[in-house]
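Residue strings, one per chain:
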Amino acid sequence: EKQGFKHFMLKEIYEQPGVVRSCLENYIDSHWTAADHRHSPIRLNLSADLYADLQQIQIVACGTSWHAALVGKYLLEQLAELPTSVQYASEFRYAPSPLTPNTLTIGVTQSGETADTLAALAMEKQRRSGHASEFQARLLGITNRPESSLGDLVPHIIDTHAGIEIGVAATKTFVAQLMAFYCLAIDLAQQRQVIAPAQLEQLLVGLQQLPAQIEAVLESQERYIEQLAHDFAETQDFIFLGRGINFPIALEGALKLKEISYIHAEGYPAGEMKHGPIALLDAKVPVVAIAMPGTVFEKVLSNAQEAKARDARLIGVTPMDEHEAAETFDTVIPVPHVDELLSPIVTVIPLQLLAYHIAARRGLDVDQPRNLAKSVTVE
Ligand code: M6R
C-alpha cells in the first residue's frame, strides 16, 4: 500500500502534484482566456444564494486546516476584496462573532469529523435558523470527505478530492485545501468583478504550472533535504519565518516538525521577531526563512539578517539566484520562481520534506506520532 515508500507521509507528499492536477481538472476551465471575462473559469457548482450580497466571510478550522484558512483569508481579501476572519473552531464556539446577515461561514476540515469544527458550524446553523432562507444557506464546508458529518451539517461543500490520507500529519489534504481556496477566491473575484481579466488569466496559467513545479521540487530537493536532516536530528528548537501569504506556511512548517519529530518549533511572521522571540536566538536555534519575491521580499530578507546577526543558522527557502542566496543564507533550499499568490503551494513542499526527514532520522513513528489521532472527534 505504501507503494515502495517507507512511510505513508512520504507517499502522500509525492501524491501532491496529482492532487493539484485533479483539482485543476475538476474545477477550472483550462481553455479560459481574458476574452471570456464575462463568465467565471471556475466550476464549483455552488448555488447563487451563497454569493449574493456577500459582505464578509468568517472561517473556522483547527490545526493544519486553520493554516489553510489563513492562506484563504489572504486570497479572499486580496483577490476578492472580501473582509475575512479566521478563527480556531475551539475558540469560536464559546465566543462567536456577532451574527451579521451578509456573512458566509466556511468550515475547513479534511476529515469532516473534527468535533470543534462541527460544533462551531452547528452553532452557526442554529443561530441562523430563525432568519431568512438565503442567510441560512450561507454555510460552506471545505473537506476531503463530503460523505462525513460535515457533509450532513452544511448545505454546500467543496470536495478537495485528495484521496484518502493515512499519515497523521496532513500534507496532500493541505495542498488540496489551498487549491479549494484559490478556486473560491478567483470565482468570487470574477463574479464581483474586482479582478482584471488579464490578471485572472495570468493566475490560471500559473496554477496550471504548479504540478510540474511541485514535481521539480520533489525531484531536485528530496535527497538534499534528507542529508540536511542529519544536521538537525539533535536540534531542540526551530524557528520558521514568513510574511504575507507565506506567514501561514511558516506556521505549517513548524506544526509539521513538532508533531512528527517532537522538536519544539515556532512559526512567526518575520516582522514580529524583534518584538520578543528574537531573544530566543543563538547558534543552537536554526531559523528557516521563506523568502519569495513579491510584496514583502526585501522585508523578509532584512528580518532574516537580524536572525543571522544572533548567530542563528539561517536556512532560506527561496528562488534567489545561487550567488545572491549564498550571500544571504547559510543553507539554501531552492524553489521555483512563481507568482507570489501561488507561492505557498511550492514553499510548503520542502518544509514537509524537512519535517519528514528529521523525524525519520530520529527513528520516530512518522505516520502515527505519539498522542495524536488522525481525526480529533472529541472536544
Ligand atoms: O480533519 P481536520 O482537517 O479537521 O483536522 C484538523 C487538525 O486536527 C489537523 O489538521 C491536525 O492539526 C493535523 N495532525 C496536522 O498535521
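Keep in mind that this is a model prediction, so the values were computed, not measured.

Caption draft 1: Fine view of the overall build of the protein. Helix and strand content of the protein: 13 helices and 10 strands. Taken over the C-alpha trace, the protein has a radius of gyration of 20 Å; the compact-globule value for 379 residues is 21 Å, and the two agree within 12%. With the C-alpha coordinates aligned to their principal axes, the bounding extent of the protein is approximately 60 × 50 × 45 Å. For the protein, the proportion of its 379 residues judged to be buried stands at 58%. Across the protein, every contact between residues at least 6 apart in sequence was considered, and the portion connecting residues at least 24 apart equals 75%. The distance from the centre of the 29 positive side-chain charges to the centre of the 46 negative ones in the protein is 4 Å.

Caption draft 2: Quick peek at the pattern of salt bridges. The final tally for this structure, using the stated rule, is 15 salt bridges. With a shortest N-O distance of 3.2 Å, Glu 215 and Arg 21 are connected by a salt bridge. Here the residue Glu 215 occupies a position in helix H9 (residues 197-232), and Arg 21 occupies one in helix H2 (residues 16-27), the gap between them amounting to 194 residues. By relative accessible area, which is 33% here, Arg 21 ends up partly exposed. Here Glu 77 ties to Lys 73 by a salt bridge, and the two come within 3.3 Å at their closest N and O atoms. A residue pair is termed a helical-turn pair when its members lie 3 or 4 positions apart in one helix, as Glu 77 and Lys 73 do in helix H3 (residues 63-78) at four residues. Residue classification places Glu 77 among the partly exposed positions, given a relative accessible area of 26%. A single salt-bridge network, built from bridges that share partners, covers Lys 11, Glu 15 and Lys 172.

Caption draft 3: Broad picture of the sheet that holds strand E10 (residues 331-334). Ordered in space as E7-E6-E8-E9-E10, the five strands form an open sheet in which the pairing is parallel. Sheet topology places strand E7 (264-269) and E10 at the edges, where each strand pairs with a single neighbour. For this sheet, the mean inter-axis angle between neighbouring strands, taken without regard to orientation, is 20 degrees. Summarising the sheet, strand E9 (residues 314-318) and E10 pair through four bridges and their orientation is parallel. Bridge assignment links Thr 318 to a residue of E10, and that residue is Pro 334. This element, helix H10 (residues 247-261), spans strand E6 (237-242), E7 and strand E8 (287-290) of the sheet and lies at about 175 degrees to E7.

Caption draft 4: Looking closely at the site of the ligand. What surrounds the ligand is a group of 14 residues, the closest being Ser 65, Thr 109, Ser 111, Thr 114 and Glu 259. Contact distances for the ligand include 2.6 Å between an oxygen atom and a side-chain N or O atom of Ser 65. At a separation of 2.7 Å, an oxygen atom of the ligand approaches a polar side-chain atom of Thr 109. The protein chains hide 91% of the 410 Å² of surface that the ligand would expose on its own. Of all elements in the fold, only H3 and H10 reach the threshold of two or more residues within the shell around the ligand.

Caption draft 5: Molecular detail of the confidence of the model for the protein. Residues of the protein with pLDDT of at least 70 account for 100%, and the chain-wide mean is 96. The ipTM, which scores confidence in the relative placement of chains, is 0.99 for this predicted complex, and the corresponding pTM is 0.97.

Caption draft 6: Highlighting the side chain of Arg 128. Take Arg 128: it is sitting in helix H5 (residues 115-128). Excluding anything up to four places from it in sequence, Arg 128 contacts Gln 58, Leu 99, Thr 103, Thr 105, Phe 135, Gln 136, Arg 138 and Leu 139.

Caption draft 7: Up close: the nonpolar core. Core analysis: the largest hydrophobic core is formed by 95 residues, its most contacted members being Ile 106, Leu 184, Leu 207 and Phe 238. Here the element with the most residues in this core is helix H8 (residues 172-191); it accounts for 13 residues. When sequence neighbours within four positions are dropped, the list of residues in contact with Leu 207 reads Leu 24, Ile 28, Met 179, Tyr 182, Ile 186 and Leu 342. Counting 22 residues, the second largest nonpolar core, distinct from the first, contains Leu 241, Ala 307, Leu 314 and Phe 329.

Caption draft 8: Quick look at the environment of Gly 206. Within the fold, Gly 206 resides in helix H9. Distance from Gly 206 to Thr 143, taken between C-alpha atoms, is 24 Å for residues 63 residues apart in sequence. Leave out the neighbours within four places in its chain, and Gly 206 touches Gln 213 and Leu 342.

Caption draft 9: Just the sheet that holds strand E1 (residues 56-61), in detail. Reading across the sheet, the five strands line up as E2-E1-E3-E4-E5 and stay open at both edges, with parallel pairing between neighbours. With one partner strand each, in any of the chains shown, strand E2 (84-88) and strand E5 (156-159) form the two edges of the open sheet. On average, each strand axis in the sheet is inclined to that of its neighbour by 20 degrees, with strand direction left out of account. Of the strand pairs in this sheet, E1 and strand E3 (residues 103-108) are connected by six bridges, and their pairing is parallel. Bridge assignment links Ile 57 to a residue of E3, and that residue is Leu 104.

Caption draft 10: Spatial organisation of the packing of H2 against H9. Running from N to C, H2 and H9 point in directions that differ by 175 degrees, and their axes come no closer than 8 Å. Our classification of the angle between H2 and H9 gives roughly antiparallel. Contact residues: H2 offers Gln 16, Pro 17, Val 20, Arg 21 and Leu 24, while H9 offers Leu 207, Gln 208, Leu 210, Pro 211, Ala 212, Ile 214, Glu 215 and Leu 218. Taken together, the residues of the contact of H2 with H9 sort by class into nine nonpolar, two polar and two charged.

Calculation criteria
- Residues numbered from 1 in each chain as written.
- Predicted model: local features only at pLDDT ≥ 70, side-chain atom pairs only at ≥ 80, totals over all residues.
- Heavy atoms only, no water.
- Helix = DSSP H or I, 4+ residues; strand = E, 2+ residues; numbered from the N terminus.
- Rg over C-alpha atoms; globule rule 2.2 N^0.38 Å.
- Buried < 20%, exposed > 50% of the residue type's maximum accessible area, 1.4 Å probe, protein only.
- Contact = heavy atoms within 4.5 Å.
- Lys, Arg positive; Asp, Glu negative; His and termini not counted.
- Charge placed at Lys NZ, Arg CZ, Asp CG, Glu CD.
- Salt bridge = Lys/Arg side-chain N within 4 Å of Asp/Glu carboxyl O.
- Pairing = 2+ DSSP bridges.
- Axes fitted to C-alpha atoms, helices over the stretch in contact; angles between N-to-C directions.
- Near = heavy atom within 4 Å.
- Polar contact = N/O pair within 3.5 Å; in protein donor to acceptor, adjacent residues only side chain to side chain.
- Areas by Shrake-Rupley, 256 points an atom, 1.4 Å probe, with all protein chains shown as cover.
- pLDDT = per-residue confidence, 0-100.
- Core = buried A, V, L, I, M, F, W, Y, C linked by side-chain atoms within 4.5 Å.
- Parallel < 35°, antiparallel > 145°, perpendicular 65-115°, else oblique.
- Nonpolar A, V, L, I, M, F, W, Y, C, P; charged D, E, K, R; others polar.

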